[in-house]
Amino acid sequence: MTRPLLKSELKAQRSREYLIAQRADFIANHGEDLGAFYFLVMLVQTLGKKALKGGDVQKLRALAHDLNALYIKHTQ
């Protein structure tokens, strides 16, 4: 028998389900490659806004570093 999910577990599950649905919507509307790219941009924008609002400079730097690494990987 499984136990009921905690409030935090339900929130995490709903968040995952929402992101999966968002990704599927982007892909359905824009195609596989462009939809996945738009989804990634949406995630970066969301994470950046949260970090900026919370004043988390380290998270913003890490996000910029990761984006730069992706850019370098795919352009050289």
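Before reading on, note that the structure itself is shown above.
Figured I'd write up the structure that's included with this text. (Residues numbered from 1 in each chain as written. Predicted model: local features only at pLDDT ≥ 70, side-chain atom pairs only at ≥ 80, totals over all residues. Heavy atoms only, no water.)

Together, Leu 34, Phe 37, Tyr 38 and Val 41 make up an exposed nonpolar region whose accessible area comes to about 340 Å². Note on placement: Val 41 falls in helix α2 (residues 32–54). On the basis of relative accessible area, Val 41 is assigned to the partly exposed category, the value being 39%. (Patch = residues over 30% accessible without salt bridge, like charges linked within 9 Å, V, L, I, M, F, W, Y side chains within 5 Å. Areas by Shrake-Rupley, 256 points an atom, 1.4 Å probe, with all protein chains shown as cover. Salt bridge = Lys/Arg side-chain N within 4 Å of Asp/Glu carboxyl O. Helix = DSSP H or I, 4+ residues; strand = E, 2+ residues; numbered from the N terminus. Buried < 20%, exposed > 50% of the residue type's maximum accessible area, 1.4 Å probe, protein only.)

In this model helix α1 (residues 7–30) runs 34 Å from its N-terminal to its C-terminal C-alpha over 24 residues, within 8% of the 34 Å that 1.5 Å per residue would give. The first or second residue beyond α1 is Gly 31, which carries a positive phi of 90°. (Expected span 1.5 Å × (residues − 1).)

Running from amino to carboxyl end, α1 crosses α2 at an angle of 140°, the nearest separation of the two axes being 7 Å. Comparing their axes, α2 and α1 come out oblique. Like other packed secondary-structure pairs, α1 and α2 cross with a definite hand, here right-handed. Across the interface between the two elements, Leu 19, Gln 22, Arg 23, Phe 26, Ile 27 and His 30 of α1 pack against Glu 32, Leu 34, Gly 35, Ala 36, Tyr 38, Phe 39, Met 42 and Leu 43 of α2. By residue class, the composition of the contact of α1 with α2 is nine nonpolar, three polar and two charged. (Axes fitted to C-alpha atoms, helices over the stretch in contact; angles between N-to-C directions. Parallel < 35°, antiparallel > 145°, perpendicular 65-115°, else oblique. Left-handed = near helix turned anticlockwise from the far one by under 90°. Contact = heavy atoms within 4.5 Å. Nonpolar A, V, L, I, M, F, W, Y, C, P; charged D, E, K, R; others polar.)

Within the structure shown, the criterion is met by two salt bridges. A salt bridge links Arg 3 to Glu 9, with the nearest nitrogen and oxygen atoms 2.9 Å apart.

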